[in-house]
Amino acid sequence: MRSMSQCIMVSDSCLMKLHGYYRSSTSYRLRIALELKGLEYEQDPVNLLEGAQQDTGYTSRNPFASVPMLVADGRDRAQSMAMIEWLDEAYPGNPLLPTNVEDRFTARELTYAIATELHAPLNLSVLKYLKSKLGHEQGDIDDWYRHWLKRTLDPVETRLAQLEMGDFLFDTPGIFECILIPQIYNARRFKFDLSQHPRITGIEAACLVLPAFQRAHPDNQPDTPKRS
């Protein structure tokens with residue numbers, strides 16, 4: 001297994017460095033992408049619970065005040081989906097998107113269903129606003145979370161059932177699996193019933209035994225809280 005302190009030179013003068021949070025789904029998806037593409041990187045954790053993403057030193061480089069931020073090729077890069085597609089273009093080995101145009105559409109259709117329909121309403125900042133600003137109880141917030149999961153994961157499961165697929169969407173895990181697995185990790189945290197989603201959980205099971213996904217897992221990050 002590669003050390004998390006190892007890194008790769010992406011230009012003559014710039015080191016690839018990932019600023020993220022161990023349990024952030026967007027950080028998790030980018031870690032998977034980096035691992036699947038075989039790119040080594042250094043991590044610099046950003047503690048979302050302590051509001052480190054709001055520090056002026058951070059926002060001066062990433063005005064979105066979000067994670068992940070990837071320092072690569074002499075540039076501070078934000079927005080995980082843009083970064084994943086950039087990685088695929090800048091480092092074409094081990095592609096995350098298939099070559100066939102219709103397969104690329106299928107991958108993007110399912111990927112963006114999760115990335116655009118789920119991330120926004122289920123973001124940590126939204127959940128904190130529901131509690132601290134609007135006064136909702138945690139039980140109500142958990143119901144909110146599960147409502148939006150069902151609204152998107154049900155049609156994703158239906159679309160997967162319409163496709164002829166094996167363990168993954170295509171022959172090997174790619175952009176869809178990068179985005180799906182972190183969302184299912186969160187779904188399990190919020191005790192969402194996945195019993196009606198056998199294709200989704202089948203992909204999850206096939207992914208989680210792979211070393212790339214294990215290295216990217218929240219439990220294996222440098223900022224993961226130590227268990228007693």
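Just above, that's the structure.
Keep in mind that this is a model prediction, so the values were computed, not measured.

A. Region of the structure containing the overall build of the protein chain. Broken down by element type, the protein chain carries 10 helices and 4 strands. Ordered by position in the sequence, the α and β elements of the protein chain form the string β-α-β-α-β-β-α-α-α-α-α-α-α-α. Computed over its C-alpha atoms, the radius of gyration of the protein chain comes to 17 Å, within 12% of the 17 Å expected for a compact globule of 228 residues. In the protein chain, which comprises 228 residues, the proportion classed as buried is 46%. Relative to all contacts within the protein chain whose residues are 6 or more apart in sequence, the contacts with residues 24 or more apart total 69%. With an accessible surface of roughly 11600 Å², the protein chain has 50% of that area assigned to carbon and sulfur atoms. Taking the 25 positively charged and 30 negatively charged side chains of the protein chain as two groups, their mean positions are separated by 4 Å.

B. Region of interest: the sheet that holds strand E3 (residues 69–72). The mixed open sheet is built from 4 strands, whose spatial order is E2-E1-E3-E4. In this open sheet, the two strands that pair with only one neighbour each are strand E2 (42–43) and strand E4 (75–77). With 2 bridges joining them, strand E1 (residues 17–19) and E2 adopt parallel strand pairing. Note that in E2 the partner of Leu 18 across the bridge is Gln 43. Its contacts with the sheet put helix H1 (residues 25–36) on E1, E2 and E3, and the angle it makes with E1 is roughly 160 degrees.

C. Broad picture of the packing of helix H4 (residues 101–117) against helix H7 (residues 138–162). At a minimum axis distance of 10 Å, the contact between H4 and H7 shows a crossing angle of 175 degrees. What the angle tells us is that H4 and H7 run roughly antiparallel. In this structure, H4 uses Glu 109, Leu 110, Ala 113, Ile 114 and Glu 117 to contact H7, whose residues at the interface are Arg 151, Thr 152, Val 156, Arg 159 and Leu 160. Within the contact of H4 with H7, the residues separate by chemical class into 5 nonpolar, 1 polar and 4 charged.

D. Region of the structure containing the pattern of salt bridges. By the definition in use, this model includes 10 salt bridges. Salt-bridge contacts for Glu 85 lead to Arg 108; the nearest nitrogen and oxygen are separated by 3.0 Å. Linking Glu 85 in helix H3 (residues 80–90) with Arg 108 in helix H4, this pair joins segments that are 23 residues apart in sequence. Across the pair Arg 159 and Glu 109 runs a salt bridge whose closest N-O atoms are separated by 2.9 Å.

E. Structural view of the nonpolar core. Core analysis: the biggest nonpolar cluster contains 56 residues, and Met 16, Leu 34, Leu 70, Leu 87 and Phe 176 have the highest contact counts within it. Here this core takes 9 residues from helix H8 (residues 175–189), the largest share from any one element. Excluding anything up to four places from it in sequence, Leu 87 contacts Met 16, Leu 30, Ala 33, Leu 34, Lys 37, Leu 39 and Leu 70. One finds Tyr 21, Tyr 22, Val 46 and Tyr 58 within the second-largest nonpolar core, a separate group that totals 7 residues.

Conventions adopted
- Residues numbered from 1 in each chain as written.
- Predicted model: local features only at pLDDT ≥ 70, side-chain atom pairs only at ≥ 80, totals over all residues.
- Heavy atoms only, no water.
- Helix = DSSP H or I, 4+ residues; strand = E, 2+ residues; numbered from the N terminus.
- Rg over C-alpha atoms; globule rule 2.2 N^0.38 Å.
- Buried < 20%, exposed > 50% of the residue type's maximum accessible area, 1.4 Å probe, protein only.
- Contact = heavy atoms within 4.5 Å.
- Areas by Shrake-Rupley, 256 points an atom, 1.4 Å probe, with all protein chains shown as cover.
- Lys, Arg positive; Asp, Glu negative; His and termini not counted.
- Charge placed at Lys NZ, Arg CZ, Asp CG, Glu CD.
- Pairing = 2+ DSSP bridges.
- Axes fitted to C-alpha atoms, helices over the stretch in contact; angles between N-to-C directions.
- Parallel < 35°, antiparallel > 145°, perpendicular 65-115°, else oblique.
- Nonpolar A, V, L, I, M, F, W, Y, C, P; charged D, E, K, R; others polar.
- Salt bridge = Lys/Arg side-chain N within 4 Å of Asp/Glu carboxyl O.
- Core = buried A, V, L, I, M, F, W, Y, C linked by side-chain atoms within 4.5 Å.

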